[in-house]
2 protein chains.
Amino acid sequence: MESFRMKMLEVDLNEGRAEEKSISPDLIRKFLGGRGLGVRLFVESINPNVDALSDKNPILFSTSPLTGLPAPSMVKCSAVTKSPLTGTILMTLVGGYFGTGLRKAGYDVVKITGEAGESKILQIKNGSSSLREAKEYKGMSTSNTQKYMKKRFGEEVEIACIGPAAEKGVKFSSIIHDDYVFGRGGAGTVMGSKNLKAIAVSGDRNLPILLKEEFDVARRNIIKKYSKSKSLDKFSKYGTAGVVNAVQERGILPTRNYQEGVFECADKINGDYLVYNYVKDKETCFGCPVACSSISVVEKGRYSGTVTKGPEYESIIMLGPVCGVKEMDAIIAANQKCAELGMDTISTGNTISFLMEAYERGELGEETLEKIEREPVFGNERAMMELIGLIGNRIGIGEILGEGVKKAAEELGFPKLAMHVKGLELPGYDPRGAKGMGLGYATSPRGGCHERGLITEEVFGKPEPVDRFSTEGKGELVKETQDEMTILDSLGMCVFPLHNSKVSISDLAKLFEATTGLETEVSDLWLAGERAWNLERIFNIKAGFTSEHDVIPSRFLKEPLQKGPSEGSTVELDKLLKDYYRERGWNDRGEPEKEKLEELGIVAFFNF
Amino acid sequence: MESFRMKMLEVDLNEGRAEEKSISPDLIRKFLGGRGLGVRLFVESINPNVDALSDKNPILFSTSPLTGLPAPSMVKCSAVTKSPLTGTILMTLVGGYFGTGLRKAGYDVVKITGEAGESKILQIKNGSSSLREAKEYKGMSTSNTQKYMKKRFGEEVEIACIGPAAEKGVKFSSIIHDDYVFGRGGAGTVMGSKNLKAIAVSGDRNLPILLKEEFDVARRNIIKKYSKSKSLDKFSKYGTAGVVNAVQERGILPTRNYQEGVFECADKINGDYLVYNYVKDKETCFGCPVACSSISVVEKGRYSGTVTKGPEYESIIMLGPVCGVKEMDAIIAANQKCAELGMDTISTGNTISFLMEAYERGELGEETLEKIEREPVFGNERAMMELIGLIGNRIGIGEILGEGVKKAAEELGFPKLAMHVKGLELPGYDPRGAKGMGLGYATSPRGGCHERGLITEEVFGKPEPVDRFSTEGKGELVKETQDEMTILDSLGMCVFPLHNSKVSISDLAKLFEATTGLETEVSDLWLAGERAWNLERIFNIKAGFTSEHDVIPSRFLKEPLQKGPSEGSTVELDKLLKDYYRERGWNDRGEPEKEKLEELGIVAFFNF
């Protein structure tokens, strides 16, 4: 049997040169693809101490052997780089059609180094690549960039591009593909620093499947499990917005910069309210029958005509309750504005809510607020809209807010009001009523993030509820969740179907084996997940992060929630961390023990 | 030889039915196509006294035998309906690809009557048509409507759609196709009243050319004249924005609601300023080598990321100097906002400038301004932006402003400050320094409009300068200009190449003859132009318009400009009109004499 091959395109923007490399089967076996493979190829390409915005910081786009195949939800493309927001490793994913497009264009991975002299587009088409002039798109919003690029390059290209925020160096700028987002941590900012406005991919390469019959069996099995899931039907209808109620019921819905855990107007921002008043259409990523993405339209009032994908749960919470905003119209408009400017909604909302709390405490000087027209108090949706514009365009206070909440709060003198971990703005679950989530925030390699391991047992009571206030067994639970997520990210599969159906890691092992011809046990996948996770940890340690950085804001440690179903609780982080380090096979300083690294086969990356 | 055929699709939205009709060769000979043919088919389909927003008002989309052929600039599609803004006949045109798309889809004309029960899309594809569900696009901005429609109907469809303003009944709503606009007079409002969100056309019909060799000769001759024109080269570079300087130099650049004719910051809004600071790319209509459309981007400041087609001259003037606004950033952002909401920029800017003048005179009550946050004074670009949103979404004062400047000024009590003719807001040339333009405004069938006859001899001194302050010979000049424009609109040719090259009506007669096989002398085209013009006049007379409505605002008649190159001048309209009526063969009441109508062969339409 022929062996499974993956190809990487290495683009050097300094020299304007590209080279093709093949990826060894051993790397595919050990890192699968997507996140794992991207991380592995990234860490060998960078000194962890370089400035994230220097031309020495590469950015990799990495797909999996499954991406774009006719099995459901195999859609994700990873981007791996060093985060200019946090200084940690940054892995971020996008859905839609970009990963599929990249593979069809001839490459499984693209590594981009250096910095173009002038704004450029990387075009990859049927196995060949070129750098194209991009000055006509400079400063364009993301939807217009894609619109005018399609007029030039053809409607069939799939595009990943940045917006004005990234061009201006806003530290939490995203990369936008269609309506989908490589969010968090500033992957867009890195592209901006490289003068790379966009990547356009197209082609018609046949994607290899080595054992076609086995693939078909594995695929049908997964489809059958999808079709039997009522939970997935519900998820199709409501998308991520459907979880607002569950989070509110547990009293962990972040409100007014996490001062509270219950939002008084949750019924005006939940899934039902969105679906019945705003959702006009559904969209779906490549080959996914779930179509969880909503297209929402504001029909009345000031924001009439606004259209947005989603908004997703996180955007609703961060541009809604976290800023005290209760109008769904404004949440949709803010979400759309962030997308057009190319900024992460979580970081944007979180940073604005910090400012609102500082302002309400009367602790901001007048000169700080000089260019703000609208009073930045919780619930003032128009102030939020104004601040989004100021941040994205780096005007007045937007200049410092665009550095992220950690730096902004330090510079303005209120570090304790900044709700972040390692500089990454926290998302939409209050850990005081979901302690495993708190541990997850503390240990996520890119900083305070829910996507590196959402403890569904705590937050939704799924698949089986656990005591969300207890610290018992949370080290093991969080580790498992993180490793499982790493497997999915490496295989390029969307997490939602797994959370909402009986599809198992074992099903995915069969699919991977059938595709690649590489013998794959369930345990191989678990090891691959753990391996990539540890490799990300190693990068961070080498970049200067220690266990001291595995913290969450003191608000969660010392200030109990004052009301609601999680009233009175705080997070016992030390206990959780100790448990977690032990489960991970890490020492008390949070460093992987040599035995663990030997077991994972990555000892060479760590300097004992 | 086979005879040239044109086909009309008649769609009845009441019944959800469509029928195909053939158009007689006699009509093609007498009305050519586009505007003339559309007007002819319209007047037989309506009682001129019906309410423009009732289901009895049809809207016709009409192309010419030349539309979409491989001769340059044969791009225009006409829309004909009764205007809900003015009550006159309304003929408006769009460039781009819609006319070509409609013909390739199988029809030369589409007539739409009735009213759909729920929001619908009319899809026409390769000779068949269907009404499709449109509720998912309700309330969507125009760019998003097109984006999501293309996802559903395929990237190859050409779309004409309305935005939120039309859905809410703003009386000067436009129909948007790609970045192009069927502007003025509320054709979009009529579509909105019919619950018709969009028309999507696609197909691959071969467009007939009956005498191919003759066509090729005629076509090459025109192309040669294009290529020899330096003026056209300049027009390619600057587009319509290039005329700002000429208009300023003549002191007829409308400023602060036409109180002045010289704008102190003209050098910050002219073609050079636009091209060197904002224009990133060029766009072109089907088969046009001129590519006069600019794509402009705001890169810095509050409006960063904004992208717009143009802005065209009229939009620059009406959203700039007429409102006292000098920031090109804001003009671009306002232009884009109007496009997204689907509103005519001339009417929008004109109406806002009326409000500003009324406000500055201290004549507006507080309750009128209740929902306005920003002071509506000349030069306050942010107030202008706010008012655009209020009008498009019909909030607060936007409710009455959305009725158009005539009604708004009457309702608010200051009819003399409303700068309109027959209810259509005036555009960007002050007639006090271009008296033929004043006559053109007074007699344009759709109300105060420059497009029904731009007197280039006065405004740009082209092709030969005339004394712009004189009334001598203006009746004849205006009549000729109007008839020439009607020929072009009927042939579907863009006017700009004719203004900027030596292409002549005789060249177009040859092209039309070669295409249709119908013997066509130059005089036949001139007669066709005059015929259609008179037919529009007849419609208006039957709808209740008399010579009393052939007026321009008293400001132009009684208040001389106070400074600049047109200082001291007013318009002697009575003298101009008398001369014009005589040239037209109309009586003193502005009604066509029987002899004239017999000469034109349309006596049957007038009730003597």
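Keep in mind it's a predicted model, so treat the numbers as computed, not measured.

Calculation criteria
Residues numbered from 1 in each chain as written. Chains lettered and ligands numbered in written order. Predicted model: local features only at pLDDT ≥ 70, side-chain atom pairs only at ≥ 80, totals over all residues. Heavy atoms only, no water. Helix = DSSP H or I, 4+ residues; strand = E, 2+ residues; numbered from the N terminus. Rg over C-alpha atoms; globule rule 2.2 N^0.38 Å. Buried < 20%, exposed > 50% of the residue type's maximum accessible area, 1.4 Å probe, protein only. Contact = heavy atoms within 4.5 Å. Areas by Shrake-Rupley, 256 points an atom, 1.4 Å probe, with all protein chains shown as cover. Lys, Arg positive; Asp, Glu negative; His and termini not counted. Charge placed at Lys NZ, Arg CZ, Asp CG, Glu CD. Pairing = 2+ DSSP bridges. Axes fitted to C-alpha atoms, helices over the stretch in contact; angles between N-to-C directions. Expected span 1.5 Å × (residues − 1). Buried area = accessible area lost by both parts, 1.4 Å probe. Salt bridge = Lys/Arg side-chain N within 4 Å of Asp/Glu carboxyl O. Polar contact = N/O pair within 3.5 Å; in protein donor to acceptor, adjacent residues only side chain to side chain. Nonpolar A, V, L, I, M, F, W, Y, C, P; charged D, E, K, R; others polar. Parallel < 35°, antiparallel > 145°, perpendicular 65-115°, else oblique. Left-handed = near helix turned anticlockwise from the far one by under 90°. Least-squares fit on C-alpha atoms with pLDDT ≥ 70 in both. Phe/Tyr/Trp six-rings, centres within 6.5 Å; stacked < 30°, edge-to-face > 60°. Domains from an automatic or database assignment.

*Asks:* Explanation requested: the overall build of chain A in the structure shown.
*Replies:* When you go through chain A residue by residue, the secondary structure sums to 25 helices and 17 strands. Its C-alpha radius of gyration of 22 Å places chain A within 12% of the 25 Å reference for a compact globule of 608 residues. Considering only C-alpha atoms, chain A reaches an extent of 70 × 55 × 50 Å along its principal axes. Expressed as a percentage of its 608 residues, the buried residues of chain A come to 67%. Of the contacts made within chain A by residues no fewer than 6 positions apart, 69% connect residues no fewer than 24 positions apart. Summed over its atoms, the accessible surface of chain A is roughly 20400 Å², and 47% of this surface lies on carbon and sulfur atoms. The distance from the centre of the 80 positive side-chain charges to the centre of the 88 negative ones in chain A is 3 Å.

*Asks:* Can you help me understand the sheet that holds strand E13 (residues 279-283) of chain B in this one?
*Replies:* Strands belonging to one sheet form pairs held by backbone hydrogen bonds; the direction of such a pair is parallel or antiparallel. All names here are of chain B. The three strands are arranged E13-E14-E15 in an open sheet whose pairing can be described as antiparallel. Single-partner strands in this sheet number two, and they are E13 and strand E15 (307-309). Adjacent strand axes in the sheet meet at a mean angle of 20° when their direction is disregarded. Sheet topology note: the strand E14 (residues 293-297)/E15 ladder contains three bridges and is antiparallel. Residue isoleucine 295 lies in a different strand from E15, and its bridge partner there is lysine 309.

*Asks:* Can you help me understand helix H4 (residues 142-153) of chain A in this one?
*Replies:* It helps to recall that an α-helix has 3.6 residues per turn; residues three or four apart then point in one direction. Residue and element names in this part refer to chain A. Over its twelve residues, H4 runs 16 Å from end to end, which matches the ideal 16 Å to within 8%, given 1.5 Å per residue. For H4, the set of buried residues is Thr142, Asn144, Thr145, Gln146, Tyr148, Met149 and Phe153. Backbone geometry just downstream of H4 places glycine 154 in the positive-phi region, at approximately 105°.

*Asks:* Got a minute to help me understand the pairing of strand E12 (residues 196-202) of chain A in this structure?
*Replies:* It is a general feature of regular strands that their side chains alternate between the two faces of the sheet. Residue and element names in this part refer to chain A. The buried count for E12 comes to seven of seven residues, which makes it a mostly enclosed element. Of the strand pairs in this sheet, strand E7 (residues 120-125) and E12 are connected by six bridges, and their pairing is parallel. Bridge pairing in E12 links isoleucine 121 to alanine 198. Two elements, strand E9 (residues 158-161) and E12, share four bridges in a ladder whose sense is antiparallel. Pairing of alanine 160 across the sheet is with isoleucine 199, part of E12.

*Asks:* Explanation requested: the interface of chain A and chain B in the structure shown.
*Replies:* Frequently, the measure chosen for interface size is the accessible area removed from exposure when the parts meet. Between chain A and chain B, the residue contacts involve 39 residues of the former and 39 residues of the latter. Here chain A meets chain B over a buried area of about 3000 Å², counting both sides, of which 41% is carbon and sulfur. For the chain A face of the interface with chain B, the top three residues by lost area are Tyr148, Lys280 and Arg302 of chain A, together amounting to 15%. Scanning the region where chain A abuts chain B turns up 14 salt bridges. At the junction of chain A with chain B, the criterion picks out 31 residue pairs in polar contact (both at pLDDT 80 or more). Of all elements in the fold, only H4, strand E13 (279-283), strand E14 (293-297), helix H12 (328-341) and helix H14 (381-392) of chain A reach the threshold of two or more residues within the side of chain A that touches chain B. Residue composition of the side of chain A that touches chain B, by class: eleven nonpolar, eight polar and 20 charged.

*Asks:* How do you make sense of the packing of helix H17 (residues 435-443) of chain A against helix H24 (residues 573-584) of chain A when you look at a structure like this?
*Replies:* How two helices sit against one another is set out by the angle between their axes and by the gap between those axes. Residue and element names in this part refer to chain A. Between H17 and H24, the shortest axis-to-axis distance is 10 Å and the interhelical angle comes to 70°. As the angle between them shows, H17 and H24 are arranged roughly perpendicular. Relative to H24, H17 is oriented so that their crossing is right-handed. Residues Lys435, Gly438, Leu439, Ala442 and Thr443 of H17 form the contact with H24, whose own contacting residues are Leu573, Leu576, Leu577 and Tyr580. Split into classes, the residues belonging to the contact of H17 with H24 amount to six nonpolar, two polar and one charged.

*Asks:* Teacher, can you tell me more about the relation of the copies chain A and chain B here?
*Replies:* Each copy of the chain is related to the other by a rotation around an axis and a translation along that axis. Rotating chain A by 180° and translating it 0.0 Å along the rotation axis places it on chain B, where the RMSD comes to 0.0 Å. Such a combination of rotation and displacement between the chain copies is what one expects of a two-fold axis. The position closest to the rotation axis in chain A is occupied by the C-alpha of glutamate 155 of chain A, lying 3.3 Å away. In this assembly the copies share their binding face: 100% of the residues contributing to the interface of chain A also contribute to that of chain B.

*Asks:* What's the story with the packing of helix H19 (residues 474-491) of chain B against helix H24 (residues 573-584) of chain B in this structure? I'm lost.
*Replies:* All names here are of chain B. Two numbers describe how H19 lies on H24: the axes approach to 8 Å, and their chain directions differ by 55°. Classified by the interaxial angle, the pair formed by H19 and H24 is oblique. Handedness of the H19/H24 crossing: right-handed. On H24, the residues that touch Lys474, Gly475, Glu476, Val478, Lys479, Gln482 and Asp483 of H19 are Leu576, Asp579, Tyr580, Glu583 and Arg584. Of the residues that constitute the contact of H19 with H24, the class distribution is three nonpolar, two polar and seven charged.

*Asks:* Even after reading the chapter, I still don't get the packing of aromatic side chains, so can you show me in this structure?
*Replies:* The relative placement of two aromatic rings is captured by the distance of their centres and the angle of their planes. Residue and element names in this part refer to chain A. Applying the stated rule across the entire model yields 24 aromatic pairs over all chains. With a centroid separation of 5.6 Å and 75° between ring planes, the pair formed by phenylalanine 61 and phenylalanine 182 is classed as edge-to-face. You can see phenylalanine 61 sitting in strand E3 (residues 59-62) and its partner phenylalanine 182 sitting in strand E11 (residues 180-182), a full 121 residues away along the chain. The exposure class assigned to phenylalanine 61 is buried, which follows from its relative accessible area of 1%.

*Asks:* What is the right way to read helix H7 (residues 212-227) of chain B from this model?
*Replies:* Between the first and last C-alpha of H7 of chain B there are 22 Å, a value that for 16 residues agrees with the 22 Å anticipated at 1.5 Å per step. Against the buried residues of H7 of chain B lie helix H8 (230-238), helix H20 (495-499) and helix H21 (505-516) of chain B.

*Asks:* Looking at this structure, I do not really get unusual backbone geometry. What am I missing?
*Replies:* A negative phi holds for most residues other than glycine; trans holds for most peptide bonds. Residues and elements named next belong to chain B. With an omega of 0°, the peptide bond between glycine 310 and proline 311 qualifies as cis. Its place among the elements puts proline 311 in the loop between E15 and helix H11 (313-319). Note that the residue after lysine 462, namely proline 463, is joined by a cis bond; omega there is -10°. In this structure, proline 463 sits in the loop between helix H18 (456-459) and H19. A positive phi angle, near 45°, is found at asparagine 126, a position not held by glycine. Mapped onto the elements of the fold, asparagine 126 is located in the loop between strand E7 (120-125) and strand E8 (128-133). Its identity is not glycine, yet tyrosine 258 carries a phi of approximately 65°, on the positive side. In this fold, tyrosine 258 is placed in the loop between helix H9 (244-249) and helix H10 (271-277).

*Asks:* Is there a simple way to think about the domain arrangement of chain A in this case?
*Replies:* Residue and element names in this part refer to chain A. Here chain A is partitioned into domain 1 (6-202), domain 2 (240-415) and domain 3 (431-501 + 521-605). Here the C-alpha centroids of domain 2 and domain 3 sit 26 Å apart. Counting the surface lost from both domain 2 and domain 3, the interface buries some 1300 Å², and carbon and sulfur atoms represent 64% of this. At the boundary of domain 2 and domain 3, one finds eight residue pairs in polar contact (both at pLDDT 80 or more). At four residues, the largest contribution of residues to the side of domain 2 that touches domain 3 is made by helix H9 (residues 244-249). Residues of the side of domain 2 that touches domain 3, tallied by class, amount to eight nonpolar, six polar and six charged.

*Asks:* What exactly am I supposed to notice about the environment of serine 506 of chain B here?
*Replies:* Residues and elements named next belong to chain B. With respect to the helices and strands, serine 506 occurs in helix H21. A relative accessible area of 26% places serine 506 in the partly exposed class. Counting along the chain gives 16 residues from serine 506 to valine 522, while the straight-line C-alpha distance between them is 5.3 Å.

*Asks:* Explain the sheet that holds strand E4 (residues 77-82) of chain B here, please?
*Replies:* Residues and elements named next belong to chain B. Here six strands make up an open sheet; going across it, the order is E2-E1-E6-E3-E4-E5 and the pairing mixed. Strand pairing shows two members of the sheet lacking a second neighbour, strand E2 (17-23) and strand E5 (89-94), which therefore form its edges. Taken over all neighbouring pairs, the strand axes of this sheet differ in orientation by 20° on average, direction set aside. Pairing analysis gives six bridges linking E4 to E5, with the strands arranged antiparallel. Its bridge partner lying in E5, alanine 79 is registered against threonine 92.

*Asks:* When you look at the side chain of lysine 194 of chain A in this model, what are you seeing that I'm missing?
*Replies:* Residue and element names in this part refer to chain A. Mapped onto the elements of the fold, lysine 194 is located in the loop between helix H6 (187-193) and E12. Within the buried set, lysine 194 has no salt-bridge partner at all; the shortest N-O distance to an opposite charge, 6.7 Å, is to glutamate 115. Within the structure, the side chain of lysine 194 is placed 2.6 Å from the backbone oxygen of asparagine 57, a separation counted as a polar contact. When near neighbours in sequence (up to four residues on either side) are disregarded, lysine 194 contacts Leu13, Ser54, Asp55, Asn57, Pro58, Ile59, Ile112, Thr113, Gly114, Glu115 and Ala116.

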